[in-house]
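Next come the chains, spelled out residue by residue.
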Amino acid sequence: MAAGALTTIGCVVALVFERDGFGRPRDAQVRPFYVVLLAVGAAAGVVVPIVVGRMLLGAGRDRLLIALGAAGVLAALILGFVL
């Protein structure tokens, strides 16, 4: 779970840096493929520990869906999408 949390935090920080243009020339645009990879990494950092916990502890499927929804909302808010 700690590795998943660190992975998610790292991906979210990288998403924020990419959105804000940190480390890029001023006229460069956001790289969509990189953003998608970071979003997948952030989602995997949330989903993998939940799936492993479900397999080991027998947690319900509803928790997995709630975590996926929360990860999606977080990614949308970070990227600036209007919900």
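How each quantity is defined
- Residues numbered from 1 in each chain as written.
- Predicted model: local features only at pLDDT ≥ 70, side-chain atom pairs only at ≥ 80, totals over all residues.
- Heavy atoms only, no water.
- Helix = DSSP H or I, 4+ residues; strand = E, 2+ residues; numbered from the N terminus.
- Buried < 20%, exposed > 50% of the residue type's maximum accessible area, 1.4 Å probe, protein only.
- Areas by Shrake-Rupley, 256 points an atom, 1.4 Å probe, with all protein chains shown as cover.
- Core = buried A, V, L, I, M, F, W, Y, C linked by side-chain atoms within 4.5 Å.
- Contact = heavy atoms within 4.5 Å.
- Patch = residues over 30% accessible without salt bridge, like charges linked within 9 Å, V, L, I, M, F, W, Y side chains within 5 Å.
- Salt bridge = Lys/Arg side-chain N within 4 Å of Asp/Glu carboxyl O.
- Phe/Tyr/Trp six-rings, centres within 6.5 Å; stacked < 30°, edge-to-face > 60°.
- Lys NZ or Arg CZ within 6 Å of the ring centre and 35° of its normal.
- Polar contact = N/O pair within 3.5 Å; in protein donor to acceptor, adjacent residues only side chain to side chain.
- Expected span 1.5 Å × (residues − 1).
- Arc of directions from axis to C-beta.

A. Focus on the overall build of the protein chain. Summing up its helical and strand segments, the protein chain has 3 helices and 0 strands in all. Looking at the protein chain as a whole, 25% of its 83 residues are labelled buried. Total accessible area on the protein chain is roughly 5,900 Å²; 72% of this is exposed by carbon and sulfur atoms.

B. Inspection of the nonpolar core at higher detail. Counting residues in each nonpolar core, the largest one holds 6 residues, listed as Cys11, Ala14, Leu15, Val35, Leu38 and Ala42. Secondary structure elements with two or more residues in this core: helix 1 (2–20) and helix 2 (32–57). If near-sequence neighbours (up to four positions away) are discounted, Ala14 is found in contact with Tyr34 and Leu38.

C. Structural context of a nonpolar patch on the surface. There is a patch of nonpolar side chains on the surface, built from Ile9, Val13, Phe17 and Phe22 and spanning about 410 Å² of accessible area. Here Phe17 shows up in helix 1. In this structure Phe17 comes out as partly exposed when scored by relative accessible area, which is 40%.

D. Layout of the packing of aromatic side chains. Tallied over the entire structure, the rule returns 1 aromatic pair. Note that Arg31 overlies the ring of Tyr34, its terminal NZ or CZ placed 4.6 Å from the centroid.

E. Broad picture of the side chain of Glu18. Looking at the element boundaries, Glu18 is found in helix 1. A distance of 2.8 Å separates a polar atom in the side chain of Glu18 from a polar atom in the side chain of Arg31. With residues near it in sequence (within four places) discarded, Glu18 still touches Arg24, Gln29, Val30, Arg31, Tyr34 and Val35.

F. A look at helix 1. Over its 19 residues, helix 1 extends 27 Å from the first C-alpha to the last, a length consistent with the 27 Å expected when each residue adds 1.5 Å. Within the sequence span of helix 1, burial applies to Gly4, Thr8, Cys11, Val12, Ala14, Leu15 and Glu18. Take helix 1 and look down its axis: the buried residues cluster within an arc of 165°, on one side only. Those residues of helix 1 that are exposed and aimed more than 90 degrees away from the buried face are Ala2, Leu6, Ile9 and Asp20. Once helix 1 ends, the next one or two residues include Gly21, with phi positive near 80°.

G. Main features of the pattern of salt bridges. All chains considered together, the criterion is met by 2 salt bridges. The partner of Arg31 in a salt bridge is Glu18, and the shortest N-O contact between them spans 2.8 Å. Of the two residues, Arg31 is situated in the loop between helix 1 and helix 2 and Glu18 in helix 1; the sequence distance between them amounts to 13 residues. Accessibility expressed as a relative area gives 4% for Glu18, which makes it buried. The partner of Arg19 in a salt bridge is Asp20, with the nearest N and O atoms 3.1 Å apart. A relative accessible area of 52% places Asp20 in the exposed class.

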